[in-house]
Amino acid sequence: MNRIALAVLAVSFCVPAHAGSLRFGTGMESLLAGEPDALQTVNFDARKTVKTKKPAAVTAPAAPAVPDVPKPVPAAEPEFIMPAEDAAALVAAWKKNFAELPATKEHSEFLEAGKVPILIVSPKEHQLGKSPAAFIDGTVYVNQLALGKLFAELYAQGVTKKDELFAVVSWRLLPFISHEVRHGMTSAALAEAVGRPLHAALAEGETLSFADQAVVKAAAVKAHPEMWKPVLKKPDALEALVAKAAADGVPGLESMVGMYYGLPFILQSERKDLETRYREQLPGLERKLMGIRKYKELIADPATKPEVVAELQMRLSMAPTEEDAASHVQKCTEAVEFFSDNGLYKKARKFFEKRYDELADQLEAGAAK
C-alpha cells in the first residue's frame, strides 16, 4: 500500500456507508443510531448474532410485481481490496498485540491454538454490512471496506506511513476483535460444558463479549496511549457507549444489551419460553429460504422478463445468501431441539451463572480472564 494508493483511499472511502445489514457485536451501528425497534435477530449462532434493518418479507410470488419502468439499482460503493500479504500482516499484528497484553492472554492462547481463524473479507460475505468484524460459524471475519475507511481517515489526519497506519489500526480495532474472539471462547466453553453446541444467540454471550471489549480497550490505551491520538469517529463513538455501560458494571452491560439487542437472557427465561421463541421464528426463516430459491428459479427462467430479473436481482442483493439462509433454518431448528431438553437448558444456565460470577471481578480487576 504506497502513498498513491493511500491518497486514492482518502478520496474513495471517506463516504457514508451504504444501508444494509449491520454487524458490530450484534448491531452496534443501530445502537449508535438509536434504532432498537428496527432490529431483528436473523442468525441463530450462540457465537454470533446478526441484527439487520428489518427487511420486507421474502416470499415466493408466482408473478413478482415490478414497476413499468425498472427501478435504478443504486451504484455500488467502491470496494477497498486489501492485498493478501497486507491482510496477513494485519492479522499477525492483532495476534502479536493479544500476546503482549496480560488482559488478553486467554485470547492469545485461544488464537494460537488455532481454535478460531481471523479472515479479512469483503463485507458482501456473510452480510457484514458496515460492521468492522463479526464472529460467524467459528471464524472472525473482518470487513475490508471498513478497514479501508479507517486507513483513509487516518491518512487524512497525516498518518501516511504504512507501518504507522497498520500499527494504529491493529491497536484501535483490538477491542472489537477481542469482542468477536470472546464469542468464540464462550461458544467453545459452553459446548464443552453442555455436551453440544447451542445455536441460539443469548444476551449473556453479548454481555461477556462487551465486558471483554471494555477491559481490552482500557488495557490497550494504558499500554499504548499514542495509538489513540488520531481521531476515528465511528470506533470512538461506539467505544464510548460500551465504556459508559461497563462503568456501571454487569448491570450496566446487561442494560445496554437488553435495551438494544432484543436477545433473551437465559438466566431470566423459562425453558418453555425459549423453546417457543425459536419455534415461532422457524416458519419465517423457512419462508425466506423458499423465497430466495424461488427468486433464483425465476431469474434463471428464460421466460422471465428482463425488468423482472433486474428487480429480483436487486432484492437478492439485499437478502442473505442461500447458504446463509439455509444455515439460519438449521440453527433455529437445533435451537428448538436444545430448549426442548430440560437437562441441556439447566446445564447452559449453570454455565452462564458461573461466568457471571466471574464477570464482576473481571471488570473490577480490569483484566479479562
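Please refer to the structure higher up on the page.
Residues numbered from 1 in each chain as written. Predicted model: local features only at pLDDT ≥ 70, side-chain atom pairs only at ≥ 80, totals over all residues. Heavy atoms only, no water.

## A look at the overall build of the protein
Here is step 1: Regarding its fold elements, the protein presents 14 helices and five strands.
Here is step 2: Considering only residue pairs separated by 6 or more positions, the protein has 76% of its internal contacts joining residues 24 or more positions apart.
Here is step 3: Of the roughly 16600 Å² that the protein leaves accessible, carbon and sulfur atoms contribute 57%. (Helix = DSSP H or I, 4+ residues; strand = E, 2+ residues; numbered from the N terminus. Contact = heavy atoms within 4.5 Å. Areas by Shrake-Rupley, 256 points an atom, 1.4 Å probe, with all protein chains shown as cover.)

## Things to note about the packing of aromatic side chains
Here is step 1: Under the counting rule described, the total for this entry stands at five aromatic pairs.
Here is step 2: Ring centres 5.3 Å apart and planes at 25° place the aromatic pair F151 and F166 in the stacked group. Of this pair, F151 sits in helix α5 (residues 144–156) while F166 is found in helix α6 (residues 162–172), placing the two residues 15 residues apart along the sequence.
Here is step 3: Summarising the aromatic geometry, the rings of F210 and Y261 are spaced 5.8 Å apart at their centres and angled 75° between planes, so their arrangement reads as edge-to-face. With F210 in helix α8 (residues 203–223) and Y261 in helix α10 (residues 249–261), the pair connects residues that are 51 residues apart, well separated along the chain. Each member of the pair F210 and Y261 is classed as buried. (Phe/Tyr/Trp six-rings, centres within 6.5 Å; stacked < 30°, edge-to-face > 60°. Buried < 20%, exposed > 50% of the residue type's maximum accessible area, 1.4 Å probe, protein only.)

## Observations regarding the packing of helix α3 (residues 84–100) against helix α7 (residues 174–194)
Here is step 1: At a closest axis distance of 11 Å, the pairing of α3 and α7 adopts a crossing angle of 85°. In terms of their interaxial angle, α3 and α7 are classed as roughly perpendicular. Where α3 abuts α7, its residues W94, N97 and F98 lie against L174, I177, S178 and V181.
Here is step 2: Class assignment for the residues of the contact of α3 with α7 results in five nonpolar, two polar and no charged. (Axes fitted to C-alpha atoms, helices over the stretch in contact; angles between N-to-C directions. Parallel < 35°, antiparallel > 145°, perpendicular 65-115°, else oblique. Nonpolar A, V, L, I, M, F, W, Y, C, P; charged D, E, K, R; others polar.)

## Focus: the pairing of strand β5 (residues 139–143)
Here is step 1: Most of β5 sits out of view: five of its five residues are buried.
Here is step 2: In β5, alternate side chains face the same way, and those of T139, Y141 and N143 on one face and V140 and V142 on the other are all buried.
Here is step 3: With four bridges joining them, strand β3 (residues 118–121) and β5 adopt parallel strand pairing. Looking across to β5, one finds that I118 is bridged to V140.
Here is step 4: Linking two consecutive strands that pair antiparallel, namely strand β4 (residues 133–136) and β5, is a turn of two residues; a positive phi of about 50° is found at D137 within it. (Pairing = 2+ DSSP bridges.)

## Points about the environment of A245
Here is step 1: Within the fold, A245 resides in helix α9 (residues 233–246).
Here is step 2: When the C-alpha positions of A245 and A214 are compared, they lie 9.0 Å apart, and in sequence the two are 31 residues distant.
Here is step 3: Contacts of A245, omitting those with residues within four sequence positions, involve G252, L253 and M256.

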